[in-house]
Amino acid sequence: MPAPTSAPRTLYDKVFDDHVVYSGEGDTLLYIDRHLVHEVTSPQAFEGLRNAGRKVRRPDCTLVTVDHNIPTVSRKNFKSVSTFIGETDSRAQVVALEDNVKEFGLTYFGMDDKRQGIVHIIGPEQGFTLPGTTVCCGDSHTSTHGAFGALAFGIGTSEVEHILATQTLPQAKSKNMRINVEGKLPEGVGSKDVVLHIIGVIGTAGGTGCVIEFAGSTIRELSMEARMSICNMSIEGGARAGMIAPDEITFEYLKGRPLSPREGEEWDSAVAYWKTLKTDPGAKYDIEVEIKAEDIIPTLTWGTSPQDVVPINGVVPNPADFPESKRGNVIRSLEYMGLTAGTPMEKIKIDKAFFGSCTNGRIEDMRSAARVIIASEKNGGPSKVAEGVYAMIVPGSGLVKQQAEAEGLDVIFKKAGFDWREAGCSMCLGMNPDQLKPGERCASTSNRNFEGRQGAGGRTHLMSPAMVAAAALTGYFTDIRKIMGTRGNEDGGLKITSYFDYLTPVEVPAVPEAPTEETPEGKTPVKATAAASAGLPKFNVLRGIAAPMWEANIDTDKIIPKQFLKTLLRTGLGSALFWPIRYDVKTGEELPDFVLNKEPWKHSSILVCTGANFGCGSSREHAPWALNDFGIRCILAPSFGDIFKTNCFKNGMLPLELPQADLDALYEDASAGLELAIDLENQVVVRPNGKDPIPFTVDAFRRHCLINGLDDIGLTLEHRENIEQFEEKRTSVWPWLDGVGYAKKGQKVVAVPLKKNVKKTDW
């Protein structure tokens with residue numbers, strides 16, 4: 001008899017299966033190979049470790065940098081974080097991170113390190129991101145790393161702590177979705193146009209509950225930088241993650257990077273495994289979408305959601321052309337954006353142009369923009385940034401900046417009037433000094449155009465680096481095909497260098513001196529501390545007033561904007577809940593018509609939203625923290641953003657999905673100011689005045705944890721033996737995944753220097 005064969009599997013299935021540590025009651029426990037950490041979502045996680053007397057389980061699998069809060073002005077006179085960062089809360093988060101990496105012994109690229117940059121740019125450029133790995137970060141655009149065939153997804157702060165403590169994460173299996181893009185892209189169309197077009201087709205909730213595999217001849221022709229841009233915005237299509245099968249383009253990109261497998265036997269073994277990471281013939285997808293490359297032209301957004309897209313030769317849409325259920329959101333978006341239906345997109349004037357972010361801050365993006373400037377001048381177009389427009393270019397990392405300067409790109413940009421900055425997230429989310437003023441319109445290479453995303457009252461339009469450069473030169477949204485003319489595929493005489501010239505080895509950090517759970521100084525035994533530190537109230541029956549809301553796509557920026565993320569605490573955020581729609585952004589006074597500012601809803605403990613995709617957007621756990629701090633412990637909606645939903649469970653809250661008809665009925669109850677009861681034990685919503693209760697179902701394990709107020713980390717540590725066994729297998733089968741400084745059989749693994757006489761860093 002022939003040996004039995006397993007059923008055909010997708011790329012996602014294969015990577016997921018290879019990381020299962022334990023599968024039993026509740027979500028499957030996955031091993032996390034690579035963990036990226038930054039200053040905004042980590043302070044509370046490190047404090048949780050400290051309070052529980054826990055250490056970081058695998059420092060070699062963690063890479064830390066600063067990016068969200070830091071200024072992007074010149075660092076010529078930089079001496080220390082304390083003297084350089086002027087904003088108090090931003091400085092506090094960065095200082096806290098520097099203290100934490102020293103205490104816990106983690107590899108850190110600080111502001112005085114040329115390798116510092118945005119987490120999703122430094123991971124790939126260092127070879128920290130590898131095919132077939134699981135990658136997590138407290139940032140929703142972690143899906144960037146899926147371009148390498150990695151399973152990469154954003155997480156909240158509680159999950160950051162969970163990985164630091166256990167190097168694992170409980171995860172439910174997602175559905176498989178494939179987006180197949182076939183054909184040759186038209187002139188002037190790049191990867192940003194492709195992904196904006198895709199989101200316009202599937203919507204911001206189209207990938208909810210799914211991992212998207214991007215496939216097809218169009219995708220296979222793209223560079224790694226372009227693939228990263230597409231996977232980066234998977235979250236904007238509602239997906240848990242995005243993935244692209246690795247190939248020779250992937251292997252060539254990774255070869256020789258500091259944290260890639262060493263050339264020789266280790267490299268050959270790694271590539272042999274990586275070549276198996278592709279979907280088997282006959283494997284089934286839950287959802288399939290077909291896209292023709294020829295249908296895509298230069299694309300940009302018009303509204304306040306990434307799904308609000310329009311071709312550059314199109315016009316501002318008319319609300320009357322949308323279904324009645326969506327018309328209200330369209331009207332609100334147009335009012336916020338200050339646009340009139342029917343206006344040609346090329347007639348819209350801009351105030352600022354922003355070039356950067358984890359979506360488009362790489363060297364290839366820089367070259368793309370430089371070519372537009374060169375072509376415009378050669379074709380008789382403008383060669384300077386338009387009068388009245390401020391344009392800034394922010395490299396995604398210090399190494400990108402160094403390479404761009406070596407290629408003379410900075411000279412091209414500065415000569416044209418662009419402001420050349422230091423590496424950081426910058427105006428992408430405006431947690432730093434780089435922000436829009438109220439009413440300013442920005443052409444942006446960022447990934448989100450939510451209300452206030454780049455500054456309170458700011459108006460953001462997403463587009464490609466080439467389109468941003470064109471808009472900066474003309475002062476209006478511009479079809480780059482008109483600027484490029486017949487020179488669209490020419491390099492314009494650009495000097496192209498190799499990334500290899502700018503890389504340096506990564507060194508082993510100092511051994512941490514802090515007490516841990518395994519030292520006498522540790523505060524308490526692990527299990528006792530786990531239970532004590534969790535502090536999750538039991539969720540049995542929740543009775544209270546329910547606040548009614550109707551909008552779809554209520555994103556985490558709207559739930560709590562970025563200026564309130566600069567905190568070292570999990571509490572005190574209730575007053576900032578729904579700040580952009582609850583308060584006057586100019587005066588800070590309460591808006592009397594907003595539901596939570598009125599009686600009896602000021603005292604709500606339940607929220608009923610009839611619009612889909614509640615909590616979409618960022619991975620910031622501050623959103624459920626703010627709801628919880630206000631007093632809301634249960635949100636009812638048709639669907640939720642995946643990360644937000646998980647974050648709610650992690651904080652003892654219940655995100656409850658119900659059919660639309662049931663939500664409409666409960667919305668009426670809530671609008672009348674009536675009390676509801678969420679009976680989790682019996683899984684029913686009890687309605688007032690003797691109306692029939694509404695049944696619901698919740699995952700049995702999640703329900704058990706909520707009812708008993710259980711701590712996830714404590715539960716996971718009960719499987720310590722399973723984790724250790726998996727790590728032994730991991731070292732044996734995939735030895736290249738053991739990072740710098742990891743002890744194997746009593747020996748230390750050290751990085752092999754790329755060059756001789758390389759100057760050592762402080763870290």
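Since the model is a prediction, treat every value here as computed from it, not as a measurement. (Residues numbered from 1 in each chain as written. Predicted model: local features only at pLDDT ≥ 70, side-chain atom pairs only at ≥ 80, totals over all residues. Heavy atoms only, no water.)

1. A short note on the overall build of the protein chain
Looking only at helices and strands, one finds 26 helices and 28 strands in the protein chain. In terms of overall size, the protein chain behaves like a compact globule, its C-alpha atoms giving a radius of gyration of 25 Å where 763 residues would be expected to give roughly 27 Å. Along the three orthogonal principal directions, the C-alpha set of the protein chain runs to about 75 × 70 × 70 Å. Counting only residues that meet the buried cut, the protein chain has 62% of its 763 residues in that class. Within the protein chain, residue pairs in contact and separated by at least 24 positions form 76% of the contacts whose partners lie at least 6 positions apart. When the accessible surface of the protein chain is summed, it comes to about 28400 Å², and 50% of that surface belongs to carbon and sulfur atoms. Side chains of the protein chain give 84 positive and 98 negative charges; the mean places of these two sets differ by 4 Å. (Helix = DSSP H or I, 4+ residues; strand = E, 2+ residues; numbered from the N terminus. Rg over C-alpha atoms; globule rule 2.2 N^0.38 Å. Buried < 20%, exposed > 50% of the residue type's maximum accessible area, 1.4 Å probe, protein only. Contact = heavy atoms within 4.5 Å. Areas by Shrake-Rupley, 256 points an atom, 1.4 Å probe, with all protein chains shown as cover. Lys, Arg positive; Asp, Glu negative; His and termini not counted. Charge placed at Lys NZ, Arg CZ, Asp CG, Glu CD.)

2. With respect to helix α12 (residues 324-337)
The terminal C-alpha atoms of α12 lie 20 Å apart, and with 14 residues this matches the ideal 20 Å at 1.5 Å per residue to within 8%. Every buried residue of α12 is accounted for by N329, V330, S333, L334, Y336 and M337. One face of α12 carries all of its buried residues, which in axial projection span an arc of 160°. Those residues of α12 that are exposed and aimed more than 90 degrees away from the buried face are E324 and E335. Buried positions along α12 lie against β18 (441-444) and β19 (459-462). Downstream of α12 by a residue or two, G338 has a phi angle that is positive, lying close to 65°. (Expected span 1.5 Å × (residues − 1). Arc of directions from axis to C-beta.)

3. Some points on the packing of aromatic side chains
Taken as a whole and judged by the stated rule, the model has 20 aromatic pairs. For the pair F578 and F594, a centre-to-centre distance of 5.9 Å together with 55° between the ring planes defines the contact as tilted. With F578 in the loop between α19 (556-559) and α20 (579-582) and F594 in the loop between α20 and β21 (606-609), the pair connects residues that are 16 residues apart, well separated along the chain. Comparing F578 with F594 shows no difference in burial state: the two are buried. Members of the aromatic cluster, each reached through a chain of ring pairs, are F355, F413, F418 and W420. Above the face of the F16 ring, K173 is positioned so that its terminal group lies 5.0 Å from the ring centre. (Phe/Tyr/Trp six-rings, centres within 6.5 Å; stacked < 30°, edge-to-face > 60°. Lys NZ or Arg CZ within 6 Å of the ring centre and 35° of its normal.)

4. Quick word on the sheet that holds strand β9 (residues 175-182)
Overall, parallel pairing links the 4 strands, which are arranged β11-β10-β9-β12 in an open sheet. Bordering the open sheet on either side are β11 (241-243) and β12 (287-292), each of which pairs with just one other strand. Across the sheet, the mean angle from the axis of one strand to that of its neighbour is 20°, orientation sign disregarded. (Pairing = 2+ DSSP bridges. Axes fitted to C-alpha atoms, helices over the stretch in contact; angles between N-to-C directions.)

5. A short note on the environment of V316
Tracing the chain through its elements places V316 in the loop between β14 (309-311) and α12. Overall, the relative accessible area of 1% leaves V316 in the buried class. Excluding residues within four positions of it along the chain, V316 makes contact with L334, L339, T340, A341, G342, T343, M345 and I348.

6. Overview of the state of the cysteines
Covalent bonding between the sulfur atoms of two cysteines is what defines a disulfide. Summed over all chains, the structure comprises 0 disulfides. C358 takes part in no disulfide bond, and the closest cysteine sulfur to it belongs to C428, at a distance of 5.9 Å. Given the relative accessible area of 7%, C358 is considered buried. Left without a disulfide partner, C442 is nearest to the cysteine sulfur of C428, which lies 10 Å away. (Disulfide = S-S within 2.5 Å.)

7. Brief notes about the UniProt feature "domain: Aconitase A/isopropylmalate dehydratase small subunit swivel" (unreviewed entry) in the protein chain
Sequence positions flagged by UniProt for "domain: Aconitase A/isopropylmalate dehydratase small subunit swivel" (unreviewed entry) are, in local numbering, residues 538-660. Taken end to end, residues 538-660 is 22% helix and 17% strand, and its two terminal C-alpha atoms sit 28 Å from one another. (UniProt positions renumbered as here; feature names shortened; annotations may be inferred.)

8. Details of the environment of F78
Relative to the helices and strands, F78 is located in the loop between β4 (62-65) and α3 (81-84). Distance from F78 to D365, taken between C-alpha atoms, is 27 Å for residues 287 residues apart in sequence. If we ignore the near neighbours within four places in the chain, the residues touching F78 are F84, M111 and D112.

9. Regarding the pairing of β18
Burial along β18 is two-sided: the residues R441 and A443 and C442 and S444 are all buried. Sheet topology note: the strand β15 (residues 352-355)/β18 ladder contains 3 bridges and is parallel. Opposite F354, over in β18, you have S444 as the bridge partner. Sheet topology places β18 next to β19; 4 bridges connect them, and they run parallel.

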